[in-house]
Amino acid sequence: MTERRPEEEHQGPVIRDKRRIDPKTGKVREKAPAPDGAPPAPAADKVQADKVEADKAAEVAETAKLRSQLDERTLDLQRLQAEYSNYRKRVERDRVAVREQALANVLSELLPVLDAIGRASDHDELTGGFKSVADTLESAVGKLGLVRFGEKGETFDPTVHEALMHSYSAEVTEPTCVDVLQPGYRIGERIMRPARVAVAEPSGDSAAAAQPDASAAPGGDAVADTDPQK
């Protein structure tokens, strides 16, 4: 009797059911684990790798989107802070300007009184109670920021001086205030009234004396005349 070998006993078609749905139970079949030591299916590895790459790409895109939004919000905050800082500076500047304008309007009405006090002081007429009132008034306007300017001997400056008289003098080397007819007043940088002065300019002799001698050499020695016709 001939013995059958094992491989001969399993001859014939072999049917493997790879359906994911079990026809008997209607449920999804669980994937059978690969035998120990057997490499995973190449298709499953590729799908898993593609999924990981897709997740990384999505994470990078989301991070870039959040960073872009953060940069935009930071720029908005910086712009808002700059606008607020400029607004505060503008408000402060306007407040100072309004204060100075209000003080100028009030103090301008007191300038004739201060002029009268100044003339009385020049004639030694400030005595008794009148002197006390004058001193109190001058102290009060000084505390409010009113500054008197204009003195004899100052260099004439057309931005703060108004020349009412003009003359020439050999005692000056540049336009000079030789007399103050009416003092000037200012508050801060605002000129309320220029100082009205008499101005003297150098005469011809003093102007020539102030000019350097053109015939003198830079070292102070006279330059020799080398004209052959003389």
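Conventions and cut-offs
Residues numbered from 1 in each chain as written. Predicted model: local features only at pLDDT ≥ 70, side-chain atom pairs only at ≥ 80, totals over all residues. Heavy atoms only, no water. Core = buried A, V, L, I, M, F, W, Y, C linked by side-chain atoms within 4.5 Å. Buried < 20%, exposed > 50% of the residue type's maximum accessible area, 1.4 Å probe, protein only. Helix = DSSP H or I, 4+ residues; strand = E, 2+ residues; numbered from the N terminus. Contact = heavy atoms within 4.5 Å. Pairing = 2+ DSSP bridges. Axes fitted to C-alpha atoms, helices over the stretch in contact; angles between N-to-C directions. Salt bridge = Lys/Arg side-chain N within 4 Å of Asp/Glu carboxyl O.

(A) Here's a closer look at the nonpolar core. L103, A104, L107, L111, L114, V141, L146, Y185, I187 and M192 form the largest nonpolar core, which has 10 residues in total. Looking at this core, the elements with two or more residues in it are α2 (42–108), α3 (111–122) and β4 (184–187). With three residues, α2 is the single largest residue contributor to this core. Excluding residues that lie within four positions of it along the chain, L103 makes contacts with L144 and I187. F149, V160, V197 and V199 belong to the second-largest nonpolar core, a separate cluster that totals six residues.

(B) Looking closely at the sheet that holds strand β1 (residues 146–149). The strand order β1-β4-β5 describes an open sheet built from three strands, whose pairing is antiparallel. Taken across any chain shown, the strands that pair with only one partner, and hence form the sheet edges, are β1 and β5 (190–193). Going across the sheet, the axis of each strand differs from the next one's by a mean of 35 degrees, ignoring polarity. Note that β4 and β5 share three bridges and pair antiparallel.

(C) Region of interest: the pattern of salt bridges. The full count for this structure, using the stated rule, is seven salt bridges. The partner of R73 in a salt bridge is E72, with the nearest N and O atoms 3.7 Å apart. Residue R73 is classed as partly exposed on the basis of its relative accessible area of 48%. Where D115 meets R193, a salt bridge forms, and the shortest distance between an N and an O atom there is 2.8 Å. Remark: R193 occurs in strand β5 and D115 occurs in helix α3; sequence separation between them is 78 residues. Classification of D115 as buried rests on a relative accessible area of 10%.

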